[in-house]
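Summary of structural features
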Amino acid sequence: MQSRCENTKLSGFVASGRGVGAKTVQAQQALIQEVIGEEPYPGTLNILLDQPVLLKKAHKLDLKGKLFGVTATINSVPCLLYRFNYTPLHVLEVISTVHLRNELNLIDGSEVEISVSKEHIVKPSNWRCRLWQLFYMDRLEAYYHDNMHQVFTSKCLKFMHKKVCQSKKEFK
């Protein structure tokens, strides 16, 4: 799954999600299987990175063309990374052919290292980094545990995302 280009190492930790990733894997199983070459485990692993990261649109993961993923490894196990639209830049969903929590003996808070090709990573713009610092610096888990914070930031990020996409082609 991993390309032969130079890789970037990302550090993060495991967090419990809301079960949305499992529904996505089930709904998009055929497309995901095309990318990873085997049947995916029917769930995802949620990772909170220690920095904001943008993923390029490498592999289409849904028929509408709204969900894209990139190949990577997590603690040396091949996987597929993706992020839902409007999710904070430090939150990643990880799809694999194995149950990663069991395979790697992970629990919430376990540290992980993700290796992803540099060609699949885009440096966030300065304003995106500043927004991320404002909302999430030292509050990485706020996205999952603070409902009002989630509603406010989601609406703000949707607005800002639309403005950026109208003026820049940052993801191509």
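Residues numbered from 1 in each chain as written. Predicted model: local features only at pLDDT ≥ 70, side-chain atom pairs only at ≥ 80, totals over all residues. Heavy atoms only, no water.

Applying the stated criterion to the full structure yields three salt bridges. A salt bridge links lysine 9 to glutamate 113, with the nearest nitrogen and oxygen atoms 4.0 Å apart. In this pair, lysine 9 is assigned in strand 1 (residues 7-15) and glutamate 113 in strand 8 (residues 111-117), connecting sequence segments 104 residues apart. With relative accessibility at 40%, the residue glutamate 113 sits in the partly exposed group. (Salt bridge = Lys/Arg side-chain N within 4 Å of Asp/Glu carboxyl O. Helix = DSSP H or I, 4+ residues; strand = E, 2+ residues; numbered from the N terminus. Buried < 20%, exposed > 50% of the residue type's maximum accessible area, 1.4 Å probe, protein only.)

Moving on: helix 2 (residues 29-36). Looking at helix 2, one finds that the buried residues are Leu31, Ile32, Val35 and Ile36. Looking straight down helix 2, one finds that the buried residues subtend no more than 125° of arc, so they occupy a single side. For helix 2, the exposed residues set more than 90 degrees away from the buried face come down to Ala30 and Glu34. The elements touched by buried residues of helix 2 are helix 1 (20-27), strand 4 (59-60), strand 5 (68-74), strand 6 (77-82) and strand 7 (91-95). (Arc of directions from axis to C-beta. Contact = heavy atoms within 4.5 Å.)

Looking at the secondary structure, you find glutamine 28 in the loop between helix 1 and helix 2. Separated by 33 residues in the primary sequence, glutamine 28 and leucine 61 place their C-alpha atoms 6.6 Å from one another. In contact with glutamine 28, not counting residues within four places along its chain, are Leu61, Asp62 and Leu63.

Bringing the pairing of strand 6 into the picture now. Burial of strand 6 is extensive: five of the six residues sit out of reach of the surface. Direction of pairing for strand 5 relative to strand 6: antiparallel, over a ladder of six bridges. Considered in strand 6, the bridge of alanine 72 is made with cysteine 79. Connecting the antiparallel pair strand 5 and strand 6 is a turn made up of two residues, with asparagine 75 showing a positive phi of about 45°. (Pairing = 2+ DSSP bridges.)

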